[in-house]
Amino acid sequence: MIKFVQQLINGISIGFVYALIAIGYSLIYSILSFSNFAHSTFIIAGAYVGFYFLVTMALPLPLALLGAILGGALVATIAEKAAYKPIREKGNPTLYFIIASMGMSIFGENIVIATIGAKFRSYPQILPVTAVNIGALSVSLLDVFAALVGSLFLLILLYIINKTKEGMAIRAASYDLETVGLMGVNTSRLICFVFIVAGALAGLAGFFLGTKYTVYPQLGALTTKAYVAAVFGGLGSLAGAVVGSVLLGIMETMIAGYLSSTIRDIVVFALLIVILLVRPSGLLGVAREEKV
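What counts, and at which threshold
Residues numbered from 1 in each chain as written. Predicted model: local features only at pLDDT ≥ 70, side-chain atom pairs only at ≥ 80, totals over all residues. Heavy atoms only, no water. 1 Å grid on protein atoms, 1.4 Å probe; cavity = no way out; pocket = protein on both sides within 12 Å on 5 of 7 lines; lining within 4 Å. Points joined across faces, edges and corners; volume = space filled by probe spheres on them. Helix = DSSP H or I, 4+ residues; strand = E, 2+ residues; numbered from the N terminus. Nonpolar A, V, L, I, M, F, W, Y, C, P; charged D, E, K, R; others polar. Salt bridge = Lys/Arg side-chain N within 4 Å of Asp/Glu carboxyl O. Buried < 20%, exposed > 50% of the residue type's maximum accessible area, 1.4 Å probe, protein only. Expected span 1.5 Å × (residues − 1). Phe/Tyr/Trp six-rings, centres within 6.5 Å; stacked < 30°, edge-to-face > 60°. Polar contact = N/O pair within 3.5 Å; in protein donor to acceptor, adjacent residues only side chain to side chain. Contact = heavy atoms within 4.5 Å.

K.L.:
It is not clear to me how the layout of surface pockets should be interpreted in this structure. Could you clarify?
P.N.:
To find the voids left in a structure, one rolls a probe of water-molecule size over its atoms. Within this model, the second largest pocket holds a volume of roughly 360 Å³. Elements supplying a minimum of two residues to the lining of the second largest pocket: α2 (39-54), α3 (61-89) and α4 (94-115). For the lining of the second largest pocket, the leading source of residues is α2, giving seven residues. Of the residues in the lining of the second largest pocket, the class split is 15 nonpolar, four polar and no charged.

K.L.:
In this structure, what is going on with the environment of L235? I would like to understand it.
P.N.:
Of note, L235 is situated in the loop between α9 (223-233) and α10 (238-258). Each C-alpha atom of the pair L235 and I28 lies 9.3 Å from the other, and the pair is 207 residues apart in sequence.

K.L.:
Explanation requested: the pattern of salt bridges in the structure shown.
P.N.:
Pairing is possible between side chains of opposite charge, provided their charged atoms come close. Evaluation of the coordinates by the stated rule reveals six salt bridges. As a salt-bridge pair, K225 and D265 come within 3.0 Å of each other at their nearest N and O atoms. One end of the pair, K225, is in helix α9; the other, D265, is in helix α11 (residues 264-278), with 40 residues separating them in the sequence. On the basis of relative accessibility, which here comes to 10%, the residue K225 falls in the buried class.

K.L.:
It is not clear to me how unusual backbone geometry should be interpreted in this structure. Could you clarify?
P.N.:
Across residues other than glycine, the phi torsion is negative in most instances, and most of the peptide bonds are trans. Of note in the backbone geometry, S33 takes a positive phi value of approximately 60 degrees without being a glycine. Structurally, the position occupied by S33 is in the loop between α1 (2-32) and α2. Although it is not a glycine, A58 adopts a positive phi angle of roughly 55 degrees. As for its position among the elements, A58 is in the loop between α2 and α3. Note on A58: relative accessible area 60%, which makes it exposed.

K.L.:
Before we go on, may I ask you to explain helix α8 (residues 187-212) in this structure?
P.N.:
In an α-helix there are 3.6 residues to a turn, and that puts residues three or four apart on one side. Taking 1.5 Å of rise per residue, the 26 residues of α8 would be expected to cover 38 Å, and the 37 Å separating its terminal C-alpha atoms lies within 8% of that figure. Among the 26 residues of α8, 21 are classified as buried, and the element is accordingly described as predominantly covered.

K.L.:
I keep staring at the packing of aromatic side chains and nothing clicks. Help me out?
P.N.:
Where two aromatic rings form a pair, the distance of their centres and the angle of their planes describe that pair. Summed over all chains, the structure comprises 12 aromatic pairs. What links up through ring pairs into an aromatic cluster is the set F51, Y52, Y123, F145, F207 and F208.

K.L.:
Quick question: what am I supposed to make of the side chain of T77 here?
P.N.:
Structurally, the position occupied by T77 is in helix α3. For T77, the side chain forms a polar contact with the main-chain oxygen of A73, separated by 2.8 Å. Residue contacts for T77: discarding those within four places in its chain leaves C192 and I196.

Structure, rendered in structure tokens:
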């Protein structure tokens, strides 16, 4: 029983990091109806900015966290203005967005290799290595910190979506972006705002992934798991993104703890195939005519 609860706690902590990424996928999908595979670039930006703020500039942890958030948001803004806005203004089909996002993902990874290098870099120890012990259970301080900060930002996002004019516009645009534009909302600015929010959350996730693992140009590949979580919960549904991420995190730790870590990814991607076949809209998503 203790082992089960321990794996459950570990899975929830990983799930919160996945949720920061999955929500970004769902936000952009809810507005533009395409899966932004360039999201991995936003994560890489956050991981590297946070690393250099901590190591090269020797800044304190709060400023490094802020730098990672701003780094992800900045790269997301550049991607939206340089790649997606021209496609959107020309009225090109959704397929063009998907191709552009794949290109941006490859471009981002390779520009890091060309400018910074392919070497793996390790974050300095930002928290004591001692764990928090609750009876026979043990949780690392880093996982607790990541879960608390992740929860805080998810609550802030929930407030923005439900209590602000921008959030109301996002909710309306998720039903019909064109109609929202006809009602006087600046849709170009709204889309940019969505990318900034998604990039900021991705940058924060990149910081935590960098501290938990290492920083390297292919770090963004871990977003694949978050994408599976977003599809599992329902692309376009923020609640679904959180639920899917936590469930995926728990599933991964349970498989690794009771079966084998070597088959963990096999089960995860098999789950993706099953979901797309049985319920493409996910657990909490709404079925659409076009699913990407």
